[in-house]
Amino acid sequence: MDWSGAITNGIISALGPVAIAYAVSAIGLNLQFGFTGLLNFGHVAFMMVGAYGTAATVEAGGSLWLGIGVGILAAVVLGLLLGLPTLRLRADYLAITTIAAAETLRLLVRSPVTRSVTGGVFGIQGFAEEFHALNPFGASTGYAIGPLVVSGRRLFVMIVGWTVVLILALIVRRLVKSPWGRLLKAIREDEDATRSLGKNVFVAKLQALALGGALASVGGVLLAIEQQNVSPDSFLPQVTFIIYVVVILGGAGTIWGPMLGAVIFQFFFYFVDSVMRQAQANVSWVGAILDSAGAAQIRFVLVGLGLMALLVFRPQGMLGSRREALVDG
Amino acid sequence: MADGAAALTGVAPRPGVAKPDPILVVEGVTRSFGGLQAVDVSHLEVQRNTVTALIGPNGAGKTTLFNLLTGFDQADSGSWSLNGGPIVGIPAYQVARRGMVRTFQLTRALPRLTVLDNVVLADPHNPGESLWRALIGGWRRGEEEATVKAKALLERFGLEHMADEYAGSLSGGQRKLLELARAMMVEPELIMLDEPMAGINPALTQQLLTHITGLRDEGKTVIFVEHDMDVVQEISDWVVVLAEGQVIAEGTPSSIAGNPDVIEAYLGAHRGKAVEDE
Ligand SMILES: Nc1ncnc2c1ncn2[C@@H]1O[C@H](COP(=O)(O)OP(=O)(O)OP(=O)(O)O)[C@@H](O)[C@H]1O
Ligand SMILES: [Mg+2]
């Protein structure tokens, strides 16, 4: 068994573009769910709106940079549209509305009706040349970072991506450590009590929803740029739940938790993937009970088990405070 | 005795009676849940700078009336005004900002905020609560001022040693004190306390009573819901009795004590209970 190969695979994924997209999106969800207590079950829609806003703008003749602006702005608008009618109501209305809106939006983007703008089932490709043209590294040259070898193309995406993640995390840190951040936490703890103290809870929730959505859209933008591709089937509802896993794994309501959660999630997923593939091919009894498709599926089972173990032993996540988790209402 | 209370000496003990200087005037407020008429107050005035007790059997509509007046529930009909200005249909947070702050029958601490943060949060002037200011900065001074003010309140209510603990770790009685401190931070004129003494040990009750009369002595108006008649007799300047949603009696504590309507309301409620129990 090639353990070091499995670890290397894990690390490459943990630092790669998908982890970056998850990290930014998780920072957004953490603002909504971890700090404000909003149940947004349609987070993937914000990622999708960011990605498609970018791609469709370029496709329509705009520049990539304009496209990114359009994508982020569209996510803010989506946040306001979802929040305005629901955030005055009980918490579950937001949950139901967001999950329905996300899937409706994806089906709309996929449908023949919007095809001229969104490319229908095929999506849009090759819209991020302007980004990749800035790459100072040789795109197909292999660069060695310790034991890892990555292409110049990927290296550039990683550097830009993690820089963006870091900057956004620092901005969110500044916000949640402010009195505004305390207001969000108060809303999470008890909305009515916060209202009784003269706080406009509705506006604060709307801000958190829209801002969290804008962050998620940046995740969608980064992933789209790296892949030079957007297609409706990369924005299935389970993406939202992966982002929830990332947030809870890292520690909901913590500042660095979402980033750590994304890295650990991707590492674990691809490490297990490598190990399972090898075991399926080389260990006879594993090969006897699993075909290669089964080996790929078992990752999900193991990730689920890992998450259950975490919730039993560290319900507050990797970075959450034990003391806070023990406080009772 | 505070000025407000002194002005009540000539006021007749009769439901709906006018007061010399009312801070709160309620007119024709009704609220029903299905077929149940929970609140039906035709007229009620609350004298400024007094401690007014709102009493009545369980289910009389005391909490519902609080909810209506503070914007936490919508009345079917009626109007009410604070300092002469109508506040019907105004969102709860604005009611608080206008000077009428309420607490809840079941205490609502913000458990995973520290005790100090619970109180600082309630400051109405903190500039850093705007998203924009939180981003660009320049709120530290406002926060410092709020913190100084909050610490003074914690000291006043005997919670300064708990300032950095999570509010969720406070005892029931300490939570009641925290709610008082928090409400005071909003700088209200009228404080509405829903059963501030419920579930508190007798030693702390005495301390809470002193705090409540202290609020009046510094010029605030207090309305509080209470079931313990000894407490009502001890600290209130005026008593309003609610039964089945209606004001059936009001007057000074001593005039209420022997009022046959009040006794009937309570006994009636007890008789009702006894029948249910069988
Ligand atoms: N949201 C609601 N839905 C249905 N009925 C309600 C609701 N809130 C209150 N009620 C009913 O209205 C009546 C008045 O209730 P309320 O809580 O105001 O009484 P209370 O005087 O505060 O009683 P207690 O002394 O027990 O706190 C009760 O019969 C109660 O069951
Ligand atoms: Mg009540």
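Residues numbered from 1 in each chain as written. Chains lettered and ligands numbered in written order. Predicted model: local features only at pLDDT ≥ 70, side-chain atom pairs only at ≥ 80, totals over all residues. Heavy atoms only, no water.

Participant: Just to check I follow, could you spell out the sheet that holds strand β1 (residues 22-33) of chain B for this structure?
Facilitator: Sheet strands line up and pair through hydrogen bonds in the backbone, either parallel or antiparallel. All names here are of chain B. With respect to topology, four strands assemble into an open sheet ordered β2-β1-β4-β5, the strand pairing being antiparallel. Strand pairing shows two members of the sheet lacking a second neighbour, β2 (36-47) and β5 (85-86), which therefore form its edges. Relative to β5, strand β4 (residues 77-82) is paired through two bridges, and the arrangement is antiparallel. When the sheet's bridge partners are listed, L82 is paired in β5 with G85. Most of the contacts of helix α2 (residues 62-69) go to β1, to which it runs at about 115°, and overall it touches β1, β2 and β4. (Pairing = 2+ DSSP bridges. Helix = DSSP H or I, 4+ residues; strand = E, 2+ residues; numbered from the N terminus. Contact = heavy atoms within 4.5 Å. Axes fitted to C-alpha atoms, helices over the stretch in contact; angles between N-to-C directions.)

Participant: Where do I start with the sheet that holds strand β6 (residues 100-102) of chain B in this structure?
Facilitator: All names here are of chain B. Strand order across the open sheet formed by six strands is β6-β7-β8-β3-β9-β10, with mixed pairing between neighbours. Each edge of the sheet is formed by a strand with only one pairing partner; in this case those strands are β6 and β10 (246-251). When strand polarity is set aside, the average angle formed by the axes of neighbouring strands in this sheet is 20°. Across the face of the sheet, α2 comes into contact with β3 (51-55), β6, β7 (190-194), β8 (221-225) and β9 (238-243) while running at roughly 145° to β7.

Participant: Could you clarify how one ought to interpret the interface of chain A and chain B in this entry?
Facilitator: Quite often, the size of an interface is put as the accessible area lost when its parts meet. The partner chain B presents 37 residues to the 31 residues of chain A that form the contact. For the chain A and chain B pair, buried surface summed over both sides reaches about 3,100 Å², with 61% attributable to carbon and sulfur atoms. Seen at the junction of chain A and chain B, the total is six salt bridges. Across the pair B:E143 and A:R182 runs a salt bridge, and its minimum N-O distance is 2.8 Å. One can count 12 residue pairs in polar contact (both at pLDDT 80 or more) joining chain A with chain B. If you list the elements that add at least two residues to the side of chain A that touches chain B, you get α8 (152-176), α9 (179-189), α10 (191-196), α11 (201-227) and α16 (322-326) of chain A. Here the side of chain A that touches chain B is built from residues that sort into 10 nonpolar, eight polar and 13 charged. (Buried area = accessible area lost by both parts, 1.4 Å probe. Salt bridge = Lys/Arg side-chain N within 4 Å of Asp/Glu carboxyl O. Polar contact = N/O pair within 3.5 Å; in protein donor to acceptor, adjacent residues only side chain to side chain. Nonpolar A, V, L, I, M, F, W, Y, C, P; charged D, E, K, R; others polar.)

Participant: How should the packing of helix α7 (residues 172-185) of chain B against helix α8 (residues 202-217) of chain B be read in this particular structure?
Facilitator: The packing of two helices is summarised by the inter-axis angle and the distance between the axes. All names here are of chain B. Running from N to C, α7 and α8 point in directions that differ by 10°, and their axes come no closer than 11 Å. Comparing their axes, α8 and α7 come out roughly parallel. Where α7 abuts α8, its residues G173, Q174, K176, L177, L180 and M184 lie against L204, Q207, L208, H211 and L215. In terms of residue class, the contact of α7 with α8 is made up of six nonpolar, four polar and one charged. (Parallel < 35°, antiparallel > 145°, perpendicular 65-115°, else oblique.)

Participant: Just checking my understanding: could you explain the confidence of the model for chain B for this structure?
Facilitator: Any residue range with low pLDDT should be treated as having predicted coordinates unsuitable for detailed reading. All names here are of chain B. Mean pLDDT over chain B works out to 89, with 95% of the residues at or above the 70 mark. Confidence, expressed as mean pLDDT per element, reaches its minimum in chain B at helix α11 (residues 260-277) with 62 and its maximum at helix α4 (residues 115-121) with 97. Note on residues 272-278: pLDDT under 50 across the span, and one contact to partners over four residues away in sequence or across chains. In the model output, the complex is listed with pTM 0.92 alongside ipTM 0.90. (pLDDT = per-residue confidence, 0-100.)

Participant: Explain the pairing of β3(B) here, please?
Facilitator: A regular strand places its side chains on the two faces of the sheet in alternate fashion. Residue and element names in this part refer to chain B. Burial analysis of β3 places five of its five residues in the buried class, which makes it a mostly covered element. Strand direction decides the pairing type here: β3 and β8, joined by four bridges, are parallel. Bridge pairing in β8 places V51 opposite V222. Two elements, β3 and β9, share four bridges in a ladder whose sense is parallel. What sits directly across from T52, in β9, is W238. (Buried < 20%, exposed > 50% of the residue type's maximum accessible area, 1.4 Å probe, protein only.)

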